[in-house]
Amino acid sequence: MNTLDEIERAVKDTAHYVSGNLANYAHRSAGENPSGEAQVGGDVWADDLFFDSLSGVEGVGGYASEEREEIAQLGDGYTIAIDPLDGSSNLASNNSVGTIVGVYDSDLPATGRTLVASMMVLYGPYTTLTVARQDRDIVQEYLLRDGHSERWGTFTQPEDPTVLGMAGKWSQRSDAMNELAQEFSRELKPRYGGATVADLAQVLEYGGLFGYPATEKYPDGKLRIHFEAAPLAYLVEAAGGASSDGAQSLLDVDPDEVHGRTPTFLGNESLIQRLEEGLAE
Ligand SMILES: O=P(O)(O)OC[C@H]1O[C@](O)(COP(=O)(O)O)[C@@H](O)[C@@H]1O
Ligand SMILES: [Mg+2]
Ligand SMILES: [Mg+2]
């Protein structure tokens, strides 16, 4: 097995265990993460589990997490950037959550162009792992069940867009953003769930657009570039879709800090293009 195979194996094993035990953390709170947001107990628990499994992989040189201030330096090799539990405020209400893993062939901060693999786990009615790697030309989805991983399907961005998952309150977004949201919601079915992984999964399955734009509360957007936006952009672009921070591919965003944020848009190329044009006016 090469290093990416071993990382994929570690993510599968840990995600299996996480999926079976999430209920234990439904109502546990914890402290604050380095972005100043409230952590739930599941955030810290999942981070510990993924750290233990991924730091043991030879060829992993660093572990950066949304839940840790500092990057754990482990030696030479790839840097993992992880959102161990994405959408964790969905846990209490028993809605979907996820895990996002970016594998960077670089120290951080870095652009998404240095990603060599990206993985997202969706803990929904069933648990799936979706993987894009530089050494594969397909985006592979696996079903994780009963200790096994089974090839489940592959993702190619559907041509006809159907769904729209747009975050942020109308009162907190720019007029230009609201105009676009209104235009898109006339054509697409609004479905926003509050876990980026789940909101992106529906875009990959049915076609459409996911967005977490800049808001008054989050002037740079809410999602973190290394842990969420760039790895998910890598997945979508590998599947034939597109990504944007409003003006350029999310893979070209050049962050100056590890916990930096960015406005995030993922989905069909035609919609991303219209969005960029609309925001530029
Ligand atoms: O509650 P809001 O503002 O819609 O935010 C939801 C967004 O925040 C996130 O939950 C942030 O991720 P974390 O839960 O990993 O911090 C995204 O998954 C999701 O898109
Ligand atoms: Mg997240
Ligand atoms: Mg998280």
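The rules we used
Residues numbered from 1 in each chain as written. Chains lettered and ligands numbered in written order. Predicted model: local features only at pLDDT ≥ 70, side-chain atom pairs only at ≥ 80, totals over all residues. Heavy atoms only, no water. UniProt positions renumbered as here; feature names shortened; annotations may be inferred. Donors = N, O, S within 2.8 Å, 3.2 Å for Na, K, Ca; no water. Helix = DSSP H or I, 4+ residues; strand = E, 2+ residues; numbered from the N terminus. Contact = heavy atoms within 4.5 Å. Near = heavy atom within 4 Å. Polar contact = N/O pair within 3.5 Å; in protein donor to acceptor, adjacent residues only side chain to side chain. Areas by Shrake-Rupley, 256 points an atom, 1.4 Å probe, with all protein chains shown as cover. Nonpolar A, V, L, I, M, F, W, Y, C, P; charged D, E, K, R; others polar. Domains from an automatic or database assignment. Buried area = accessible area lost by both parts, 1.4 Å probe. Salt bridge = Lys/Arg side-chain N within 4 Å of Asp/Glu carboxyl O. Buried < 20%, exposed > 50% of the residue type's maximum accessible area, 1.4 Å probe, protein only.

In the nomenclature of an unreviewed UniProt entry, the chain is known as Fructose-1,6-bisphosphatase class 1 of Haloarcula onubensis. According to UniProt, the comment filed for the chain under the heading Pathway (unreviewed entry) is "Carbohydrate biosynthesis." UniProt lists a comment for the chain under the heading Subcellular location (unreviewed entry), and it reads "Cytoplasm".

Caption draft 1: How the structure looks around the coordination of the magnesium ion (ligand 3). For the magnesium ion (ligand 3), the full set of protein donor atoms is Glu66 (OE), Asp83 (OD) and Leu85 (O), at a range of 2.1 to 2.4 Å. One chain supplies every donor for the magnesium ion (ligand 3), spaced along it as E-x16-D-x1-L.

Caption draft 2: Layout of the UniProt feature "binding site: Mg(2+) 1" (unreviewed entry) in the chain. Sequence positions flagged by UniProt for "binding site: Mg(2+) 1" (unreviewed entry) are, in local numbering, Glu66, Asp83 and Leu85. Spatial clustering of the annotated residues is evident: they stretch over 20 residues in sequence, but the largest pairwise C-alpha distance comes to 9.2 Å. Here glutamate 66 shows up in the loop between strand 3 (60–65) and strand 4 (72–73). When sequence neighbours within four positions are dropped, the list of residues in contact with glutamate 66 reads Asn33, Pro34, Ile82, Asp83, Pro84, Arg224, Phe227, Glu228 and His259. Tracing the backbone shows leucine 85 in strand 5 (residues 78–86). Once residues within four sequence positions are removed from consideration, leucine 85 is found in contact with Leu22, Gly42, Asp43, Ala46, Leu91, Val97, Gly98 and Tyr123.

Caption draft 3: The site of ligand 1, seen in detail. Contacts to ligand 1 come from 16 residues, most closely from Asp86, Gly87, Tyr192, Thr196 and Tyr212. Measuring from an oxygen atom of ligand 1, one finds a backbone N or O atom of leucine 85 at 3.3 Å. Within the backbone of glycine 87, an N or O atom sits 2.8 Å from an oxygen atom of ligand 1. Contact with the protein chains removes 82% of the 470 Å² of surface that ligand 1 exposes when unbound. Residue contributions to the shell around ligand 1 peak at three residues, all from strand 5. Residues that form the shell around ligand 1 fall into these classes: five nonpolar, four polar and seven charged.

Caption draft 4: Spotlight on the domain arrangement of the chain. Looking at the chain, the domain boundaries give domain 1 (3–154) and domain 2 (163–280). Centre-to-centre, using C-alpha coordinates, domain 1 lies 20 Å away from domain 2. The interface of domain 1 with domain 2 comprises 43 residues on the first partner and 35 residues on the second. A combined buried area of about 2700 Å² lies between domain 1 and domain 2, and 63% of that area is made up of carbon and sulfur atoms. One can count four salt bridges joining domain 1 with domain 2. A salt bridge links glutamate 37 to arginine 224; the shortest N-O distance between them is 2.7 Å. Between the two partners, domain 1 and domain 2, sit 17 residue pairs in polar contact (both at pLDDT 80 or more). Those elements that place two or more of their residues in the side of domain 1 that touches domain 2 are strand 3, strand 5, strand 6 (97–104), strand 7 (115–123) and strand 8 (127–133). Split by residue class, the side of domain 1 that touches domain 2 holds 21 nonpolar, 14 polar and eight charged.

Caption draft 5: Fine view of the coordination of the magnesium ion (ligand 2). Taken together, the protein donors to the magnesium ion (ligand 2) comprise Asp83 (OD), Asp86 (OD) and Glu228 (OE), at separations of 1.8 to 2.1 Å. Spacing between the donor residues of the magnesium ion (ligand 2) along their common chain follows D-x2-D-x141-E. Between the magnesium ion (ligand 2) and the magnesium ion (ligand 3), a spacing of 3.8 Å is present, and a bridge between the two is formed by aspartate 83. Of the two residues, aspartate 86 is situated in strand 5 and glutamate 228 in helix 5 (residues 225–238); the sequence distance between them amounts to 142 residues. Under the relative-accessibility criterion, glutamate 228 is labelled buried at 2%.

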